[in-house]
Amino acid sequence: MPELPEVETVMRGLEPVLNNNHITKVTLNRSDLRIPFTPTLKDDVENQTIHSIKRRAKYILIHFSNNKILAIHLGMSGSMLILKPNELYEARVHDHVIFDMKDGARIIYNDPRRFGMIFTLNNDEMTSHKAFAHLGPEPLSNHFSAVYLKDKLKSKKSSIKQALLDQTNVVGVGNIYACEALYKAGINPLTPCPKISLAKYEELVRCICEVLRGAIAAGGSTLKDFRHADGELGYFQHNFAVYDRKGQACPNCECDVTKTGGIERIVQSGRSTFYCARKQK
DNA sequence: CGGTACTCCTGAAGGC
DNA sequence: TGCCTTCAGGAGTACC
C-alpha cells in the first residue's frame, strides 16, 4: 500500500524521466479511476513544459509551465512502470493511463483496484481544491510537532491509531506506518488521544519520523502489488516489526509466544491494527 | 459539527 | 481440484 515513503520513492523515480522532457501524448484507456479523469486532462498536460515534480501527502504533483498541475494518487494498488526509449511495451491488464514522452520514454499507470486518482488542477487551486484543502501538515516538516499534535487531538474521542490515519491531523501516514510508529513509541493503539502525555507525543512524533525516514531510505517499503518507479519490481520490505505479523514475536521479544500469543491483531474502524500488548501499554 | 459506517475495486487467500 | 466467500485498504460520502 503506497504510503508517504512509497509515494516519495515513486516521485523520485519519475523525476529523472520527467526532467528536461515533456509529455507528447496521454492515452486514457478508460474514463475514470476512483473518480473521473479531468475532461481537459490531455489538453492540460500534452506538450507542456514540465516545471517541477513534488509530493503533497500521498499525491504526486507534476507542475507544468502553463500553471497546471497533474495530480496522481496511487490509491492502494497503483504503480508506475517506466519504459526507456525503444523499450518494448507489452500491454498488461489494468494499464489505465500511458504517458508518452518526447524522448520516447513511456510512463504507464497500472492500478488493479482503481482506488487511485489522476486529475489536473490550476496552480492557484492547491489550497482550495477539495483534495488538498483539508490536509494536515507533512510529518517530515517543521509544522509537525508534539505540541501541535497534542493540541490538535486534545478533544478527540477517537483512539490514537484512528487519529494517525486521519489526514486532517497529519498526512502520509497509512495503516502500516501507523502500526509501526505506535509500536516503536510503545503506545497502545487503543489509547484515547487525550490520555497521551506531551512526553509520549514527543516520542510518537519522533517515531513517526524515524519510521517514515527509514522506509524512504529503504526505497519505499511495500506489499504484494507495488512496483518501483524505476521500472523494476518494488523493494519489498518484509521486516515490519508488527504489521501483518499476528501471533509472531516482536523484535527482541523475550516473552514466551506460546503463552502470550505474540503480536495481536485487532480491528479499529474497519482497519487491521497489529501491536504488542506487552510493549504497548 | 464530530464521529461512524459504508462504499468503491480486484486479486489473493482461505474454506469446504 | 475448484468454486465460493472473505478480506485488504485510502479517502470520499452519507448519515446520525
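Higher on the page you've got the structure.
Residues numbered from 1 in each chain as written. Chains lettered and ligands numbered in written order. Predicted model: local features only at pLDDT ≥ 70, side-chain atom pairs only at ≥ 80, totals over all residues. Heavy atoms only, no water.

S.K.: Help me out: how do you make sense of the protein's contact with DNA strand B in this one?
M.R.: Residues in contact with DNA strand B, as listed here, are Arg-34, His-94, Pro-112, Arg-113, Arg-114, Phe-115, Ser-155, Lys-156 and Lys-157. Of what DNA strand B places within 4 Å of the protein, 62% of the atoms are sugar or phosphate. Within the side chain of His-94, an N or O atom sits 2.7 Å from a phosphate oxygen of DNA strand B. Measuring from a base oxygen of DNA strand B, one finds a side-chain N or O atom of Arg-113 at 3.2 Å. Residues that form the surface near DNA strand B fall into these classes: two nonpolar, two polar and five charged. (Near = heavy atom within 4 Å. Polar contact = N/O pair within 3.5 Å; in protein donor to acceptor, adjacent residues only side chain to side chain. Nonpolar A, V, L, I, M, F, W, Y, C, P; charged D, E, K, R; others polar.)

S.K.: How should the layout of surface pockets be read in this particular structure?
M.R.: With a probe scaled to a water molecule rolled over the atoms, the places where space remains empty come into view. Each pocket or cavity is described by its volume, and for the largest pocket that value is around 1,000 Å³. In terms of lining, the largest pocket is formed by 31 residues, of which the most central are Lys-58, His-73, Gly-75, Met-76 and Phe-115. When residues of the lining of the largest pocket are traced back to their parent elements, those giving at least two are strand 8 (117-122), helix 5 (175-185), strand 9 (264-268) and strand 10 (271-275). Inspection of the lining of the largest pocket shows a minimum of three residues originating in each of domain 1 (4-125) and domain 2 (146-275). (1 Å grid on protein atoms, 1.4 Å probe; cavity = no way out; pocket = protein on both sides within 12 Å on 5 of 7 lines; lining within 4 Å. Points joined across faces, edges and corners; volume = space filled by probe spheres on them. Helix = DSSP H or I, 4+ residues; strand = E, 2+ residues; numbered from the N terminus. Domains from an automatic or database assignment.)

S.K.: Mind showing me how you'd approach the side chain of Ser-77 here?
M.R.: Here Ser-77 lies in the loop between strand 4 (68-73) and strand 5 (79-83). Among the polar contacts listed, one links the side chain of Ser-77 to the side chain of Asp-111, at a separation of 2.6 Å. A distance of 3.0 Å separates a polar atom in the side chain of Ser-77 from the backbone nitrogen of Arg-113.

S.K.: Mind showing me how you'd approach the pairing of strand 3 (residues 59-64) here?
M.R.: In regular strands, side chains alternate between the two faces of the sheet. Judged by how many residues are buried, strand 3 sits mostly within the fold: six of six residues are covered. Residues Tyr-59, Leu-61 and His-63 of strand 3 are buried on one face, and the alternating residues Ile-60, Ile-62 and Phe-64, pointing to the opposite face, are buried as well. Across six bridges, the pairing between strand 2 (residues 50-56) and strand 3 is antiparallel. Counted as the bridge partner of Ser-52 is His-63 from strand 3. Connecting strand 2 to the next strand, strand 3, in antiparallel fashion are two residues, including Ala-57 with a positive phi near 55°. Where strand 3 folds back on strand 4, the antiparallel hairpin that results is connected by three residues, among which Asn-67 adopts a positive phi of roughly 70°. (Buried < 20%, exposed > 50% of the residue type's maximum accessible area, 1.4 Å probe, protein only. Pairing = 2+ DSSP bridges.)

Geometric values such as these leave the question of function open.
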